[in-house]
Amino acid sequence: TIVVTLTDETNTLALSVEKDGKTYAFDYNLGGKATYYDAAALYTDTAFSDGNATVTAALDGDRIRLDVGAVSDKSHQSVRYTADVLGSIGAGTKRLVLYMDNGEETSVSFRLLVRLSGDDLNTELYSGTLQPGGNVLDIDLTGVSIAENKTIQYADFYFSLSPGEYPARTLYLKGLTVYDE
C-alpha cells in the first residue's frame, strides 16, 4: 500500500526501480490539492436556513442531522446552506465529492444549486437521487465556469425535482471533499 496525501498544488506518484545498473522510473500526475471537510467543519449554528421548507440542523456524531419540514403548498422542498467553507470552491476547483446519508426508507430526489456572486440565477451542480443509507455524490465541475473573481454566496439543497407536496424528511451531511486542479 502506498499512501499519498494530496496536499500540494501538484501531486505526483513517482516510482523507480534499479535493475542491472539501470534505473527505470515512472511518474504519474495525481492532480491538485484535495481538502476534506468533515461535519464539524461544515457546521455552524447559522449555516442552514429555511428555503421552501423549514430546517433544523444539528451535529449528530460525525454528521449533520437535517430535519427538513414537510411542504404542502406545491413548492420545492429546499434548504439553504451558507458558510465560509463555500469560499474554498473556486476557479481552480475541478470536482466535489459530497457525502450524504438518506435517513428515509425510500429514495429522495436531490439537486444542488449554487449562487455565484454577481449572477442573477442559480447554477445547478448536481441532480440525482439519494438512496436509503450512505450516498457519495461525485460532482464534476468541468463544465461549470467559476471565474477568478466570483465566489459562491450560498448553496441550495433541493429534496424534490419539481414543485409538489412532500413529507418531512431526515437527511444527514457527512462531509465534502474539494479537488483543485
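Draft legend 1. Geometry of the nonpolar core. Tyr 81, Leu 98, Phe 110, Phe 157 and Phe 159 are the most contacted members of the largest nonpolar core, which has 41 residues in total. Of all the elements, strand β10 (residues 108-116) adds the most residues to this core, at 5 residues. Once you skip the residues sitting within four places of it in the chain, Phe 157 turns out to touch Gln 77, Ser 78, Val 79, Tyr 81, Leu 98, Met 100, Phe 110, Arg 111 and Leu 112.

Draft legend 2. Layout of the side chain of Ser 160. Secondary-structure assignment places Ser 160 in the loop between β13 (152-158) and β14 (164-166). Only 3.3 Å separates the side chain of Ser 160 from the side chain of His 76, close enough to count as a polar contact. Polar side-chain contacts of Ser 160 include one of 3.0 Å to the backbone nitrogen of Gln 77. With residues up to four places along the chain from it excluded, the contact list for Ser 160 reads His 76, Gln 77, Ser 109, Arg 111 and Tyr 166.

Draft legend 3. Here's a closer look at the packing of aromatic side chains. Scanning the entire structure with this criterion turns up 7 aromatic pairs. Ring centres 4.9 Å apart and planes at 45 degrees place the aromatic pair Phe 48 and Tyr 81 in the tilted group. Remark: Tyr 81 occurs in strand β8 (residues 78-81) and Phe 48 occurs in strand β4 (residues 48-50); sequence separation between them is 33 residues. You'll find Phe 48 and Tyr 81 in the same group, each marked buried. The interplanar angle of 70 degrees and the centroid separation of 6.1 Å between the aromatic rings of Phe 48 and Phe 157 together place this pair among those described as edge-to-face. Here Phe 48, found in strand β4, pairs with Phe 157, found in strand β13; they are 109 residues apart in sequence, far enough to count as distant. We note that Phe 48, like Phe 157, is buried. Through a chain of ring-to-ring contacts, the aromatic side chains of Phe 48, Tyr 81, Phe 110, Tyr 126, Phe 157 and Phe 159 assemble into a single cluster. Above the ring of Tyr 172, the side-chain terminus of Arg 63 is found at 3.6 Å from the ring centroid.

Cut-off values and rules
Residues numbered from 1 in each chain as written. Predicted model: local features only at pLDDT ≥ 70, side-chain atom pairs only at ≥ 80, totals over all residues. Heavy atoms only, no water. Core = buried A, V, L, I, M, F, W, Y, C linked by side-chain atoms within 4.5 Å. Buried < 20%, exposed > 50% of the residue type's maximum accessible area, 1.4 Å probe, protein only. Helix = DSSP H or I, 4+ residues; strand = E, 2+ residues; numbered from the N terminus. Contact = heavy atoms within 4.5 Å. Polar contact = N/O pair within 3.5 Å; in protein donor to acceptor, adjacent residues only side chain to side chain. Phe/Tyr/Trp six-rings, centres within 6.5 Å; stacked < 30°, edge-to-face > 60°. Lys NZ or Arg CZ within 6 Å of the ring centre and 35° of its normal.

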